[in-house]
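Observations on the three-dimensional arrangement
Here is what each chain is made of, one letter per residue.
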Amino acid sequence: MKILKFLLVGIFFGIVLVKSEAVSWYRIYEMFKFQSFHMYGIIGSAVLLGVLFIWLFKVFGVKNIEGNRISLVPKDSGFVRYIVGGTVFGLGWALAGACPGPLYVLLGTGVISMLIVIAAAVFGTFVYGVLKSKLPH
Amino acid sequence: MEYLLKPWPWYVSGPLFTLVMLLLIYFGKTFGMSTTLRTLCSIGGAGKYSDFFRFDWKAYRWNLIVVLGAIIGGYIAVTFLSDGSTIALNAQTVSDLSELGFYNAGEGLLPTEIYAWDNVLTLKGMAILIIAGFLVGFGTRYAGGCTSGHAITGLSNLQWPSLIAVIGFFIGGLIMTHFLLPLIFSP
């Protein structure tokens with residue numbers, strides 16, 4: 001059961017990513033061309049509802065399944081790593097047409113060549129880990 | 001059933017992504033897909049080369065289960081929950097793409113011009129996939145998150161770092177789409 005609930009959330013996530021077309025290279029291209037509201041609607045509505053629920057969780061002290069009060073660990077403060085790292089990721093997102101979630105989901109839709117992108121992404125993460133101490137954060 | 005098989009509108013899918021995030025938070029975890037790339041590095045023995053990969057990856061096994069589910073979900077969605085409708089792209093997008101040498105835009109999720117084996121197995125095609133993947137893996141870890149961790153979770157939690165990261169995502173995405181894709185693909 002412990003594992004099953006994560007498997008089910010994953011399956012649901014994969015289905016929503018495909019049915020929303022957010023896994024489509026074309027939708028990402030269209031988004032960066034500002035030619036459709038579709039992706040902005042998805043991300044915007046997800047964030048607005050997210051803000052509302054996270055706020056409600058905090059106000060009412062909602063507890064998670066383990067009985068602890070829900071709180072999100074804030075990201076470390078900083079500027080350079082977020083703007084530079086974000087830009088590097090954005091370049092890859094628009095070229096591959098996929099962010100990490102869709103990389104996996106697209107593999108499931110039968111795009112075997114996505115394995116090359118995933119392997120390269122793992123390698124990119126590895127290179128970051130090796131260079132981490134030398135990069136500005 | 002008919003509505004299930006058609007593409008889902010943004011006002012249905014967006015809230016469902018919120019639900020995914022909330023479920024993971026309720027389970028005591030967090031929504032972040034790019035961290036699985038780090039976990040895969042650790043499993044592969046990257047701890048020998050950097051402290052960054054020396055952590056208890058077994059504590060992150062749940063996220064790999066989510067990934068496994070996502071792969072299965074992708075299969076279920078295209079096999080049982082699709083009516084084969086084309087993606088309703090803006091006509092201008094389709095025309096812009098044809099100028100770049102991308103035809104039949106919207107038929108299928110991905111352009112064959114990038115992902116079909118005929119193109120993947122050329123030097124240029126292979127380089128495109130490897131560079132794209134590298135940028136995604138390097139950039140997400142440098143920024144400490146991707147669309148799920150920063151754009152959805154981080155912004156929902158009103159975190160400044162996530163807003164900066166998302167601005168970065170757009171700087172990179174706009175440079176690629178408006179300046180680099182035309183250089184890479186123009187016939």
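Above this note sits the structure.
Right, let's walk through the structure included here.

Scoring rules and cut-offs
Residues numbered from 1 in each chain as written. Chains lettered and ligands numbered in written order. Predicted model: local features only at pLDDT ≥ 70, side-chain atom pairs only at ≥ 80, totals over all residues. Heavy atoms only, no water. Helix = DSSP H or I, 4+ residues; strand = E, 2+ residues; numbered from the N terminus. Polar contact = N/O pair within 3.5 Å; in protein donor to acceptor, adjacent residues only side chain to side chain. Axes fitted to C-alpha atoms, helices over the stretch in contact; angles between N-to-C directions. Parallel < 35°, antiparallel > 145°, perpendicular 65-115°, else oblique. Contact = heavy atoms within 4.5 Å. Nonpolar A, V, L, I, M, F, W, Y, C, P; charged D, E, K, R; others polar. Expected span 1.5 Å × (residues − 1). Buried < 20%, exposed > 50% of the residue type's maximum accessible area, 1.4 Å probe, protein only. Buried area = accessible area lost by both parts, 1.4 Å probe. Salt bridge = Lys/Arg side-chain N within 4 Å of Asp/Glu carboxyl O.

Some points on the side chain of Ser36(A)
In this structure, Ser36(A) sits in the loop between helix H2 (25-32) and helix H3 (38-60). Side-chain polar atoms of Ser36(A) contact the backbone nitrogen of His38(A), separated by 3.0 Å.

Concerning the packing of H2(A) against helix H5 (residues 91-99) of chain B
One can describe the packing of H2(A) onto H5(B) by two numbers: an axis separation of 10 Å at closest approach and a directional angle of 105°. In terms of orientation, H2(A) and H5(B) fall into the roughly perpendicular class. On the side of H2(A), the interface is formed by Trp25(A), Tyr26(A), Tyr29(A) and Glu30(A), while H5(B) contributes Thr93(B), Asp96(B) and Leu97(B). Partitioning the contact of H2(A) with H5(B) into residue classes produces four nonpolar, one polar and two charged.

A closer look at H3(A)
Between the first and last C-alpha of H3(A) there are 33 Å, a value that for 23 residues agrees with the 33 Å anticipated at 1.5 Å per step. When H3(A) is considered as a whole, its buried residues turn out to be His38(A), Met39(A), Gly41(A), Ile42(A), Ser45(A), Ala46(A), Val47(A), Gly50(A), Ile54(A) and Phe57(A).

Observations concerning the interface of chain B and chain A
With 125 residues of chain B in contact, the opposing surface of chain A contributes 106 residues. A buried area of about 10,200 Å², summed over both sides, lies between chain B and chain A, and 79% of it is on carbon and sulfur atoms. The tally of links from chain B across to chain A stands at one salt bridge. For Asp96(B), the salt bridge identified is with Lys33(A), shortest N-O distance 3.3 Å. Seen at the junction of chain B and chain A, the total is 30 residue pairs in polar contact (both at pLDDT 80 or more). It is helix H10 (residues 160-185) of chain B that provides the largest number of residues to the side of chain B that touches chain A, a total of 20 residues. Classifying every residue of the side of chain B that touches chain A by side-chain character gives 84 nonpolar, 36 polar and five charged.

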